[in-house]
Amino acid sequence: YSGSAKEAKVNSTISGVYPDVAYTGSLTDGKPVNAGAYKASVTLDDAKVEIEFTIQPKTVTSPIIRLDGSFEYVNGPVEPAVTVWADSDTQIDAGEYSIAYANNTAVGTGTVTVTDKEGGNYTFSPASKDFTIRDHEHWLHYAFSGNSYVVSCQTEGCGAKATITEMAEDAVYD
């Protein structure tokens, strides 16, 4: 597999045949691009011969995994966008692999694993990449309610909330 259309070539010299014999060659399945099995045919006068050929998937020995997005934990799984590259210039189509996340539901180190899907243009062994999940910045809102203060995080999706009912006389709060 190279990403380019393949064309069947027919040798124009057939030894032992008179020069006025007509022959043509064609690809039965058009000009294939993707890995898979295809057919080509050669017609010589009234005789037609079909041959099968295969475009093998490209083997990637060390896929490059690139992650994009926020790696902040906000009360749910952290799932950065994933792209996989065969090399520094060739991105592998997302339909060619599956993605699995692990340890991505809390602050710490998460892991993304990509696995090749059978029947595609590329083949590679499962590959993983770790990413650091950090806590989000809390945007706090303070409100006085009765005899207490209610402190809540205003960061979308956070929902953290605390109620302060007693304060030390010498306490300083910023």
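Just so you know, these numbers come straight off a predicted model, no measurement behind them.

## Focus on the overall build of the protein chain
Check the secondary structure of the protein chain and you find 0 helices and 15 strands. Look at the contacts in the protein chain between residues 6 or more apart in sequence, and 36% of them connect residues 24 or more apart. When the accessible area of the protein chain is evaluated, it comes to approximately 11,900 Å², of which 48% is carbon and sulfur surface.

## Section: the sheet that holds strand S7 (residues 81-85)
If you walk across this open sheet you meet the 3 strands as S5-S7-S8, and the pairing is antiparallel. Pairing within the sheet leaves two strands with one partner each, and these edge strands are strand S5 (64-68) and strand S8 (91-92). As paired elements, S5 and S7 share 5 bridges and run antiparallel to each other. Directly across from Leu67, in S7, lies its bridge partner Val82.

## Digging into the pairing of S7
Judged from the 2 bridges that link them, S7 and S8 form a sheet pairing that is antiparallel. Residue pairing in the sheet places Trp85 in a bridge with Gln91 of S8. The loop that links S7 with its antiparallel partner S8 comprises 5 residues.

## Overview of the environment of Asp87
As for its placement among the helices and strands, Asp87 is situated in the loop between S7 and S8. For Asp87, a relative accessible area of 28% translates into the label partly exposed. Setting aside chain neighbours within four positions, we find Asp87 in contact with Lys58 and Ile64. Here the side chain of Asp87 touches Thr90 through a polar contact of 2.8 Å, landing on its backbone nitrogen.

## What to know about the side chain of Glu96
In this fold, Glu96 is placed in the loop between S8 and strand S9 (97-102). The charged side chain of Glu96 is buried without a salt bridge, its nearest counter-charge being Lys117 at 9.2 Å. Other than its neighbours up to four places away in sequence, Glu96 contacts Thr115, Asp116, Lys117, Gly120, Asn121 and Tyr122.

## Observations regarding the sheet that holds S9
Pairing is mixed in the open sheet, where 4 strands are placed in the order S6-S12-S10-S9. With partners counted over all chains shown, the strands left at the sheet margins are strand S6 (72-73) and S9, one partner each.

## Details of the side chain of Thr111
Mapped onto the elements of the fold, Thr111 is located in strand S10 (residues 108-116). Classification of Thr111 as buried rests on a relative accessible area of 17%. In terms of polar contacts, Thr111 uses its side chain to reach the side chain of Asp130, at 2.8 Å. Each residue touching Thr111, except ones within four places of it in the same chain, is listed here: Ala100, Tyr101, Ala102, Ser128, Lys129, Asp130 and Phe131.

Calculation criteria
- Residues numbered from 1 in each chain as written.
- Predicted model: local features only at pLDDT ≥ 70, side-chain atom pairs only at ≥ 80, totals over all residues.
- Heavy atoms only, no water.
- Helix = DSSP H or I, 4+ residues; strand = E, 2+ residues; numbered from the N terminus.
- Contact = heavy atoms within 4.5 Å.
- Areas by Shrake-Rupley, 256 points an atom, 1.4 Å probe, with all protein chains shown as cover.
- Pairing = 2+ DSSP bridges.
- Buried < 20%, exposed > 50% of the residue type's maximum accessible area, 1.4 Å probe, protein only.
- Polar contact = N/O pair within 3.5 Å; in protein donor to acceptor, adjacent residues only side chain to side chain.
- Lys, Arg positive; Asp, Glu negative; His and termini not counted.
- Salt bridge = Lys/Arg side-chain N within 4 Å of Asp/Glu carboxyl O.

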